[in-house]
Amino acid sequence: IVIVSVIGLLLAIGIGYLVAIYAVVRPMREFAKVSMEIAQTGDFSQTIDIQNKDEIGDAAKAINQMLGNTKSAFTEIEELFSKVANGDLTARINKEFKGDIGRSAEHISSSLTKLSETFQDILIEVQRMASASSQVEGAISQIADGAKDQLEATQTISSQMDETCLLYTSPSPRDATLSRMPSSA
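Residues numbered from 1 in each chain as written. Predicted model: local features only at pLDDT ≥ 70, side-chain atom pairs only at ≥ 80, totals over all residues. Heavy atoms only, no water.

**Some points on the packing of helix α1 (residues 2-41) against helix α2 (residues 55-85)**
Then comes step 1: For the pair α1 and α2, the least separation of the axes is 11 Å and the interaxial angle reads 15°. Judged on the interaxial angle alone, α2 and α1 are roughly parallel. Crossing of α1 over α2 shows left-handed handedness. For the pair formed by α1 and α2, the contact residues are Ala23, Val24, Pro27, Phe31 and Ile38 on the first element and Ile56, Ala59, Ala60, Ile63 and Leu67 on the second.
Then comes step 2: Split into classes, the residues belonging to the contact of α1 with α2 amount to 10 nonpolar, no polar and no charged. (Axes fitted to C-alpha atoms, helices over the stretch in contact; angles between N-to-C directions. Helix = DSSP H or I, 4+ residues; strand = E, 2+ residues; numbered from the N terminus. Parallel < 35°, antiparallel > 145°, perpendicular 65-115°, else oblique. Left-handed = near helix turned anticlockwise from the far one by under 90°. Contact = heavy atoms within 4.5 Å. Nonpolar A, V, L, I, M, F, W, Y, C, P; charged D, E, K, R; others polar.)

**Examining the packing of α2 against helix α3 (residues 99-169)**
Then comes step 1: In contact at an axis separation of 11 Å, α2 and α3 are set at 10° when each is read in the N-to-C sense. If you check the angle between α2 and α3, you find them roughly parallel. Each of Thr70, Ala73, Ile77, Leu80, Phe81 and Val84 in α2 lies in contact with α3, whose residues at this interface are Ile101, Ile108 and Leu112.
Then comes step 2: Per-class residue counts for the contact of α2 with α3 are 8 nonpolar, 1 polar and no charged.

**Digging into the environment of Thr90**
Then comes step 1: Along the chain, Thr90 turns up in the loop between α2 and α3.
Then comes step 2: C-alpha of Thr90 to C-alpha of Leu112: the two residues are 22 residues apart in sequence and 7.7 Å apart in space.
Then comes step 3: A polar contact is formed between the side chain of Thr90 and the side chain of Asp88, at a distance of 2.4 Å. (Polar contact = N/O pair within 3.5 Å; in protein donor to acceptor, adjacent residues only side chain to side chain.)

**Quick word on α3**
Then comes step 1: Across its 71 residues, α3 extends 103 Å between first and last C-alpha, which sits within 8% of the 105 Å expected from 1.5 Å per residue.
Then comes step 2: Taken as a whole, α3 has its buried residues at Gly102, Ala105, Ile108, Ser109 and Leu112.
Then comes step 3: In the core, the buried residues of α3 are packed alongside α2. (Expected span 1.5 Å × (residues − 1). Buried < 20%, exposed > 50% of the residue type's maximum accessible area, 1.4 Å probe, protein only.)

**What to know about the environment of Thr47**
Then comes step 1: When you line up the elements, Thr47 lands in the loop between α1 and α2.
Then comes step 2: A sequence separation of 13 residues divides Thr47 from Val34, and the C-alpha atoms of the two residues are 6.9 Å apart.
Then comes step 3: Contact partners of Thr47, with chain neighbours within four places excluded, come to Glu30, Val34, Asn64 and Leu67.

Structure representation (structure tokens):
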């Protein structure tokens, strides 16, 4: 009986050891390995390959889903910022996320909406300034044309005055004839 008990005990310890290795230790090593890779590389496309039908398998499925959601969120954010970098301020995050990621997505969208509105206001002001500048240019052009006309009129008047002065200051032919006649005394 002692031998059978010892064999039974050794068999139970061996089975317990194998169950512990395959059902607990190996899955936990997989958890640790994938967690370390994600922490070191930031690569959220990693998954935990555990097929257990127990709590450890359920935990692996939940973590894989969390990693998938996180990867999806980062992909959406990357695509959004790519569009914004190319000038599309109407781009928004298309998927709905929950929790912290959802709040961050809403914050990004509202920030982009405010930024887009600000740029729209700036555009309106620039258009107003361009219109005002065009009007000022037209007024300056009219003033310049008026000044040119005034200059030409002033030059014409000055020229006519010079001619008039010459007429009155130069001796006329009649004056020349009178000055040649003898004076009678």
